[in-house]
Each structure stands twice: as C-alpha cells, then as structure tokens.
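A closer look at the structure
Listed below, chain by chain, are the residues.
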Amino acid sequence: MLQGPYGSLDRDKPLIRLPFRDFAVGTVLLALTGLIACLVISLMYHYDDSTYTHCQVANYLPSISASISLVPERYIWRCCIGLHSAPRYLVTAAYFSFYRGRFAKRLLDLVLSGLALICSLAENTGLMLLTYVASTETYSVHKSGFIVFISCSLVHMLITCRLWHVIKTYCVNTEEMTSYQWKVRLFLFNVGCCLAAAYFFRRHNKYCEPGVYTLFALCEYLVVLSNMAFHMTAFWDFGNKEVMVATPPEDKRY
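Focus: the overall build of the protein chain
For the protein chain, the helix and strand inventory stands at 10 helices and two strands. On the principal axes, the C-alpha backbone points of the protein chain span a range of 80 × 45 × 30 Å. Relative to its full complement of 254 residues, the protein chain shows a buried share of 43%. For the protein chain, the share of sequence-separated contacts (at least 6 apart) that also reach a separation of at least 24 residues comes to 77%. A total of about 14200 Å² of accessible surface is found on the protein chain, and carbon and sulfur atoms cover 67% of it. Each charge class in the protein chain was averaged separately, 22 positive and 17 negative side chains, and the resulting centres sit 8 Å apart.

So, the state of the cysteines
Tallied over the full model, the rule gives one disulfide. Covalently, C55 is tied to C208 through a disulfide, its sulfur atoms 1.9 Å apart. Between C55 and C208, the S-S torsion sits near -50°, and that sign places the bridge as left-handed. Here C55, found in the loop between α3 (47-51) and α4 (64-67), pairs with C208, found in the loop between α8 (174-207) and α9 (212-232); they are 153 residues apart in sequence, far enough to count as distant. Not part of a disulfide, C79 finds its nearest cysteine sulfur in C80, a span of 5.5 Å. The class of C79 is partly exposed, set by a relative accessible area of 47%. Summary of cysteine pairing: C193 is not part of a disulfide, and the nearest cysteine sulfur, belonging to C219, is at 6.0 Å. With a relative accessible area of 7%, C193 lands in the buried category.

Conventions and cut-offs
Residues numbered from 1 in each chain as written. Predicted model: local features only at pLDDT ≥ 70, side-chain atom pairs only at ≥ 80, totals over all residues. Heavy atoms only, no water. Helix = DSSP H or I, 4+ residues; strand = E, 2+ residues; numbered from the N terminus. Buried < 20%, exposed > 50% of the residue type's maximum accessible area, 1.4 Å probe, protein only. Contact = heavy atoms within 4.5 Å. Areas by Shrake-Rupley, 256 points an atom, 1.4 Å probe, with all protein chains shown as cover. Lys, Arg positive; Asp, Glu negative; His and termini not counted. Charge placed at Lys NZ, Arg CZ, Asp CG, Glu CD. Disulfide = S-S within 2.5 Å.

As structure tokens, this is what we get:
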C-alpha cells in the first residue's frame, strides 16, 4: 500500500502535549503578572491619579479598578486577561466533565456540578466585562461586571467546596485531600476579605476618613489573589492529566 510523505504513526502523534500542572500555573501567572505590573506602574508613574478619591482624603494604594483604567496599565491588563480567560473556559469544561464522572449516580451533586459550571462561566465572563469596560468609560457596566464576578466567584467556591467534601469522603488520594483542604481555607479567607473590603468601602463613602480607602484597596488585592490561588488548586486536581491536541481515536485509520 502506498503511503504519503507522513506515515500514520507520525500523523497520529499529538500536535501539542502539555502537562496540566504547567497549564494551570501558566494560566494563573498571566493574571498575576498583569495585576502586579499594573499596580507597580500605577504606583511609580501615576500615583496621584490612581490614588485619587472623590473624598479627596489621604490614600496610599490604588484600587484595582483605578489602576487598570489608566494607560498603559489598561492595555497590559486587557492583554493578560484576554490570554488568561480562554484557558479558564477550558478548565471549567474539564471540571464539569470530571464531576459528571464522579457523580453520575448522585443527582443532587450532579445538579450542583451544573450550577458550578454556570457560575464559573459567569465569573469568567464578568471578569472579561470589567476588564474591557473600564470604570472611567462606562461605570455602570464596569460595576455590573464586578458584581457578577464577585458573586459568581463566591457561589462557585462554595459549591466546589461542597463537591470536594463529598469527593474526599470516598478517596484516599493525598493530592485530592490537600486540594480540598486548601479550597476550604481559601474560600473562607476570600469571604473574610470580601466582607472587610465591603466594610471599608462603605465606611470610606460615608465618612471620608483618611487611609480607609487604602484598607479597602488592600482587601481588594487579597480577594483577587485568594481567588487566583483557589483556581490554582487545579494543580492538584488534574496533576496527572495532560492538555493535548491530537487525532481522536475514532478517527484513526489503520
């Protein structure tokens, strides 16, 4: 039988093969690098603009919204989040597939898996919305994106902790146990930071006290960082998996 320039074995080799751990780390680092770059540039070159508040009181740290609304920070953030978001959608689909396999015979947990999928998609979409519509452009849209991001993030974390509580009950895998423990810790920490941020934001708007908005900004950083760390637990969840681009087995011809 005649063969083309490439044998069937070469044709069926994966075009891309990447350990999921590297994939997870790279995805989170994109957002983390963008955040750090924007905050550093804002503090070094746009300090007055980024720390200005309507109360005109002393403030020493820029909020994330203020930082990513400036130039060139705006474009750095949009680039990093654009690259970060596509893999996030892929990870969301991977988790849903994982849950369906684990909870095929548990209707309640299967429904929660579907809800986790919706919340994760909405969270990522909210992040995209608040990223590409700056607070200085259309504040109402930016605010809506932020609310969707935070609320769906918290619900997603809560459901995920519930699902992994069930998983760890039936597993003896050390990595899955470690993942569950860190998920719970990061969720509780995130909730605490969200409540603190809400308190300082409300207090700043009501009393206009010096330094209070700085505390809000600090809590906001911790909310975002703990959110990133929560998603980073995929490092343990899919540690033995790989991201591949290859010929599906059913399409192979022998």
